[in-house]
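# Survey of secondary and tertiary structure
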Amino acid sequence: MFEQMAKKPVAWIIGKGPESEIVLSSRIRFARNIADFKFPPSADTDTRDKIIEFVKASFDSSGLIDDGNFYLSTEINPLDRSFLVERHLISPEFMKDGTGRGVFIDNSESLSIMINEEDHIRLQVISSGLSMTECWEKAHEIDSKLSQKINYAYDDKFGHLTSCPTNVGTGLRASILIHLPGLVLTREIENVISRIAKVGLIVRGFYGEGTDVLGNLFQISNQTTLGRSEEEIIDSLAKVTQQIIEYELNSQETLMQDAADEIEDKVWRSYGILKHARVLNSGEVMNLLSALRLGVSLKLIDKVSLQQINELLIITQPAHLQKYYEREMDNNERDIVRAGLVRERLNQE
Amino acid sequence: MLCQDCNNREANIHLTQIINNEKVVLNLCKECAEKRGFHSPFEQMPFPLAEIVSGMVGPSKIKKKGKKSKDDKPDKKCSNCGLTFSEFGHVGRLGCAQCYSTFRPELTDLLRRIHGSADHRGHVAESPTEDLKEFREGKRLRDELKKAIEDEDFEMAAELRDRIRELSVKEKEEKS
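Values in this document were obtained by computation on a predicted structure and should not be read as measured data.

The next subject is the overall build of chain A. Helix and strand content of chain A: twelve helices and ten strands. What you see for chain A is a C-alpha radius of gyration of 21 Å, in line with the 20 Å of a compact globule of 349 residues. With respect to the three principal axes, the spread of C-alpha positions in chain A is 65 × 45 × 30 Å. Looking at chain A as a whole, 53% of its 349 residues qualify as buried. Long-range pairs, those at least 24 residues apart, make up 70% of the contacts in chain A with a sequence separation of at least 6.

In structure tokens:
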């Protein structure tokens, strides 16, 4: 399963779209439930199966699902589940429990609909670059079509009702995946994070201390879903993102003014290691690719494209490596194979 | 430095994790870092929503089993799924749509604390029956009109009044 997908570049990370030098991808997610069924966490197996049948039938009659595939979670083995998580097509939560769940994935991989995760329906649209409005329009269109077939659990005061009260109202989570090496290197990132928190947004992701940076990748999303319209939520995230992009560019400029030699050295040194290393763990690869990505943004290096780097960020993940080489591997073997794959890709100039 | 999870192997992964916008520094060995799910940077960080919700509901509202005090009210229970409010306080997840009616006053308070509001201002859900959709839209507009008048935002109030009028004209036309 998913062998073809594993050989194909991830559509949402092609390095195209507005601000794609800094924003890798944009994502819209809706949480929806069906009025007459218990929420998945308290539904028994029979009910969960009925929900899957019901939602699938609604897909079919709405003509939404011509161009993709539906998978039952029981059909997807653990490796394939990790693979889909790395590709952002299912959530880590969906992966945990193997029964009574299903997912529809369209052929372009921009749309996925999980059934019986925490809510009956979790609809996600994802695309490359800062493209929130595009994602929203597509998700809204599908949501509207589904709502003509399915009687959503909806309350006139509260809006969409969800299993967890943090998703009530619009059920909307808008998020962006953003690369902020300049802010991390200038140690401005904590200031920026605390400022973001003050405007009702939340930052997720992780990074190491000082030079021990892991990818400099952050996810920023709205924290609240109730009391504001969908457009307002998206608009506020897009505006803050623009602001963060500006901060990041300023930091990059500062770095080039104060430490151009060091930055240039870091970029080329990373390129050298990636091109020649024989063993690479996933954390190290993330850091090196991040430095290389910074080099491309600053036009210090033109030997690789953003798309190549973005793709490497995904295909060097543990499950992707194993799918790519069509065999299971332990940690040590993966580190060797990972280095080999990176060398192969970077030597294809 | 030793790994803070196993206290055995050398910590060679130093992570700064952001939970609820707070910085948490972790010093872990490779094995323990993977156990915590740090092998994939695209995985979402665990976000302890249940804990937050339980924290917000507060111990004063969650009765301990077997303990009774004078001001204890009976624990509310959803007649559809059987979830009690104190159980909700523990798991942070509701059982079904009806829970929102059963625990309406408590949830109104809780939603206000989480979101700063308990009133949906987004798109009105379409529904398989058009009548219901129009009824919902009309109700939402009337609520907004009430609020606009309270806020003395008369420009907004005039606009809302016009939209309510349009909607009722449409309803009449459809009925005739």
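Right, let's get into the overall build of chain B. Assigned secondary structure in chain B consists of seven helices and two strands. Mapped from its N terminus to its C terminus, chain B presents α and β elements in the order β-β-α-α-α-α-α-α-α.

Moving on, we get to helix H3 (residues 78-86) of chain A. Residue and element names in this part refer to chain A. Those residues of H3 that sit buried are Asp80, Ser82, Phe83, Leu84, Val85 and Glu86. Each element contacted by the buried residues of H3 is listed here: helix H1 (3-7), helix H4 (92-96), helix H10 (306-315) and helix H11 (318-324). Two residues or fewer after H3 comes histidine 88, characterised by a positive phi angle close to 70°.

Once that is clear, we can look at the pairing of strand S8 (residues 172-179) of chain A. Residues and elements named next belong to chain A. Counting buried residues along S8, eight of its eight residues qualify, which places the element largely inside the surrounding structure. Bridging between strand S1 (residues 23-32) and S8 involves seven bridges; their strand directions are antiparallel. Each residue of the ladder has a partner; that of arginine 27, found in S8, is serine 175. Bridge count between S8 and strand S10 (residues 217-222): five bridges; the pairing is antiparallel. If you follow serine 175 over to S10, its bridge partner there is serine 221.

Each pair of packed helices can be summarised by the angle the axes make with each other and by the distance between the axes. Residues and elements named next belong to chain A. At a minimum axis distance of 8 Å, the contact between helix H8 (residues 230-276) and helix H9 (residues 282-297) shows a crossing angle of 125°. Viewed along their axes, H8 and H9 adopt a mutual orientation that is oblique. In this structure, H8 meets H9 at a crossing whose hand is left-handed. Contacts between H8 and H9 pair Gln252, Lys266, Val267, Ser270, Tyr271, Ile273 and Leu274 from the former with Leu288, Ala291, Leu292, Leu294, Gly295 and Ser297 from the latter.

Quick look at unusual backbone geometry now. Residues and elements named next belong to chain A. Of note, the phi angle at glutamate 19 is positive, near 55°, even though the residue is not glycine. Mapped onto the elements of the fold, glutamate 19 is located in the loop between H1 and S1. With 16 C-beta atoms packed within 10 Å, glutamate 19 lands in the partly exposed category. Phi is positive for asparagine 216, close to 50°, though the residue is something other than glycine. Of note, asparagine 216 is situated in the loop between strand S9 (201-208) and S10. C-beta crowding within 10 Å serves as the criterion here: with 26 such atoms nearby, asparagine 216 is assigned to the buried category.

All names here are of chain A. Among the ten residues of S1, ten are classified as buried, and the element is accordingly described as predominantly covered. Relative to strand S5 (residues 121-128), S1 is paired through eight bridges, and the arrangement is antiparallel. Across the sheet, arginine 29 pairs through a bridge with glutamine 124, a residue of S5.

Of the residues in chain A, 96% have a pLDDT of 70 or more, and the chain-wide mean is 90. Here residues 206-213 of chain A scores under 50 on pLDDT; set against residues more than four positions off or in separate chains, the count is 22 contacts.

Before going further, it helps to spend a moment on the packing of helix H5 (residues 132-147) of chain A against H8 of chain A. Residues and elements named next belong to chain A. Running from N to C, H5 and H8 point in directions that differ by 160°, and their axes come no closer than 10 Å. In terms of their interaxial angle, H5 and H8 are classed as roughly antiparallel. Crossing of H5 over H8 shows right-handed handedness. Counting all contacts with H5, which are made through Met132, Thr133 and Trp136, the residues of H8 involved are Glu230, Ile234, Leu237 and Ala238. Taken together, the residues of the contact of H5 with H8 sort by class into five nonpolar, one polar and one charged.

What counts and how
- Residues numbered from 1 in each chain as written.
- Chains lettered and ligands numbered in written order.
- Predicted model: local features only at pLDDT ≥ 70, side-chain atom pairs only at ≥ 80, totals over all residues.
- Helix = DSSP H or I, 4+ residues; strand = E, 2+ residues; numbered from the N terminus.
- Rg over C-alpha atoms; globule rule 2.2 N^0.38 Å.
- Buried ≥ 20, exposed ≤ 12 C-beta atoms within 10 Å, placed from the backbone.
- Contact = placed C-beta atoms within 7 Å.
- Pairing = 2+ DSSP bridges.
- Axes fitted to C-alpha atoms, helices over the stretch in contact; angles between N-to-C directions.
- Parallel < 35°, antiparallel > 145°, perpendicular 65-115°, else oblique.
- Left-handed = near helix turned anticlockwise from the far one by under 90°.
- pLDDT = per-residue confidence, 0-100.
- Nonpolar A, V, L, I, M, F, W, Y, C, P; charged D, E, K, R; others polar.

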